[in-house]
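# Fold and geometry: a report
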Amino acid sequence: MTKKRLPTLRDVAEAAGVSVATVSKYCSGGQRFSPAVEAAIQAAIDSLGYRTNHLARSMATGRSGAVGLVVLDLGNPHFTGIVKGASRVAQANDYSMAFVDTAESKAPERHLVETLSRRVDGLVVSSRLADESIEWLKALGKPVVFFGRYGHGGVHSVGADGYLAGLMIGRHLMSLEHSRVAYVGFPSSRWNAERIRGLSDALVEKGRQLEVLDVDAPSPEAGESAASRLLLGGQRPDAIVTYNDLMALGLMNEARALGVEIPRDVSIASFDDIAYGRYTSPTLTSVAMNSEQMGEVAMQRLLQLINDELEHPFDEVLAPRLVVRESTCRRAS
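Quick look at the structure, then. (Residues numbered from 1 in each chain as written. Predicted model: local features only at pLDDT ≥ 70, side-chain atom pairs only at ≥ 80, totals over all residues. Heavy atoms only, no water.)

### A short note on the packing of helix α8 (residues 162-175) against helix α9 (residues 190-204)
α9 packs onto α8 with a crossing angle of 35° between their chain directions and a minimal axis gap of 7 Å. Here α8 and α9 pass one another in a crossing that is right-handed. Two secondary-structure elements touch here, α8 through G162, Y163, G166, L167, I169, G170, R171 and M174 and α9 through E194, R195, R197, G198, L199, D201, A202 and L203. Of the residues in the contact of α8 with α9, the class split is 7 nonpolar, 4 polar and 5 charged. (Axes fitted to C-alpha atoms, helices over the stretch in contact; angles between N-to-C directions. Helix = DSSP H or I, 4+ residues; strand = E, 2+ residues; numbered from the N terminus. Left-handed = near helix turned anticlockwise from the far one by under 90°. Contact = heavy atoms within 4.5 Å. Nonpolar A, V, L, I, M, F, W, Y, C, P; charged D, E, K, R; others polar.)

Below, the structure is given as structure tokens:
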């Protein structure tokens, strides 16, 4: 049986009625053409089933056709959402993706990231890394976009407004007439301070003061360990806010074991709006930090940097969204 010949650039060019050079530039993203020409080329590619030869493109352009992501914990649905959004954009632009999972370390093994950087045209990286890690990442000589607001000039970042997210939750709890609000924080994250500031400002508007309890990991186990300290003390809070949904889910689970009913005895709210929060009982009030959109925008900006379409550093801020569910209710009088 004769093996079917794979379509070539020349086949696409003939079908589209353009030159081979035009098809090559279109496929590499090296040049834009009129909408009619681009539509004709794409129609030819789709009908012939043509796939770009990444090796040939790499030799011609000096690029790998790949991008890298450095994420903190692929087991956390927030970061999985970022990866999903970034992957969607990369695939739509014919880029492959490679990953490094730092396992919540603020100082990832440098040689792993440096090795990854040599294989890709640019990187999308969590801004929760320590400042010294961010500095050597910038020095790698590859375009880098940080997801999560970095808070310092000279870098490209895309993130949600943590201060506004905290303000939203705080004002929501104040509207429910809660007087004692505790926050379970993760101080190792630079995003933690933004959330505390927003919560505190919302409480100050009503003459209240935020209580803060720090834990050493943004995990369900950390939420569980905080539960007894908060719920069995002499002055139980009316409401508890946690740094992320995973911590809230752990806290809620332990609260049930301690005989504390949510939200009748204490309201619970958090950040990220991961899917699990919609299916727990009670369902979890949370602020959506738009993880998939963050991944999409970060990857879009990275590809623009790779193609020299952006000149100045940017700090792109996505608006958070409060999602009220069953875990918060009005304080009993």
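### Thoughts on empty space enclosed by the protein
Taken as a whole, this structure holds 2 cavities of 30 Å³ or more when the rule is applied. Considering only enclosed or pocket space, the largest cavity measures out at about 100 Å³ in volume. Residue lining of the largest cavity: 10 residues in total, with G148, A160, W191, R195 and M289 positioned closest to the centre. Of the residues forming the lining of the largest cavity, the biggest block, 3 residues, is contributed by α9. (1 Å grid on protein atoms, 1.4 Å probe; cavity = no way out; pocket = protein on both sides within 12 Å on 5 of 7 lines; lining within 4 Å. Points joined across faces, edges and corners; volume = space filled by probe spheres on them.)

### Here's the deal with the packing of helix α1 (residues 9-16) against helix α3 (residues 35-48)
Following both chains from N to C, one finds α1 and α3 inclined at 125°, their axes separated by 8 Å at the closest point. The angle between α1 and α3 places the two elements in the oblique class. Helix-helix and strand crossings are classified by hand; for α1 and α3 the assignment is right-handed. For the pair α1 and α3, the contacting residues are D11, V12, A15 and A16 in the first and A40, I41, A44, I45 and L48 in the second. (Parallel < 35°, antiparallel > 145°, perpendicular 65-115°, else oblique.)

### Focus: the sheet that holds strand β8 (residues 239-242)
If you walk across this open sheet you meet the 6 strands as β7-β6-β8-β9-β10-β12, and the pairing is mixed. Edge positions in the sheet fall to β7 (211-214) and β12 (321-323), since each has one partner strand and no second. Along the sheet, successive strands turn relative to each other by an average axial angle of 20°, direction set aside. Bridge count for strand β10 (residues 285-288) against β12 is 3 bridges, and the pairing is antiparallel. For V287, the partnering residue across the bridge sits in β12 and is L322. Across the sheet, helix α11 (residues 245-257) lies against β6 (181-185), β8, β9 (267-272) and β10, angled at about 155° from β9, the strand it touches most. (Pairing = 2+ DSSP bridges.)

### Examining the packing of aromatic side chains
Overall, the coordinates contain 2 aromatic pairs when judged by the stated rule. Pairing F79 with F147 gives two aromatic rings, centres 6.2 Å apart and planes at 55°, and the pair type is tilted. Here the residue F79 occupies a position in helix α5 (residues 77-92), and F147 occupies one in strand β4 (residues 144-147), the gap between them amounting to 68 residues. Between F186 and Y243, the ring centres sit 5.7 Å apart and the planes meet at 65°, which makes this aromatic pair edge-to-face. Remark: Y243 occurs in the loop between β8 and α11 and F186 occurs in the loop between β6 and α9; sequence separation between them is 57 residues. Here the two residues F186 and Y243 agree in accessibility, since each one is buried. In this structure, R195 is placed above the aromatic ring of Y243, and the distance from its NZ or CZ to the ring centre is 4.7 Å. The positively charged end of R195 is found above the aromatic ring belonging to F271, 4.7 Å away from the centroid. (Phe/Tyr/Trp six-rings, centres within 6.5 Å; stacked < 30°, edge-to-face > 60°. Buried < 20%, exposed > 50% of the residue type's maximum accessible area, 1.4 Å probe, protein only. Lys NZ or Arg CZ within 6 Å of the ring centre and 35° of its normal.)

Fair warning: the whole summary comes from geometry, so function is off the table for now.
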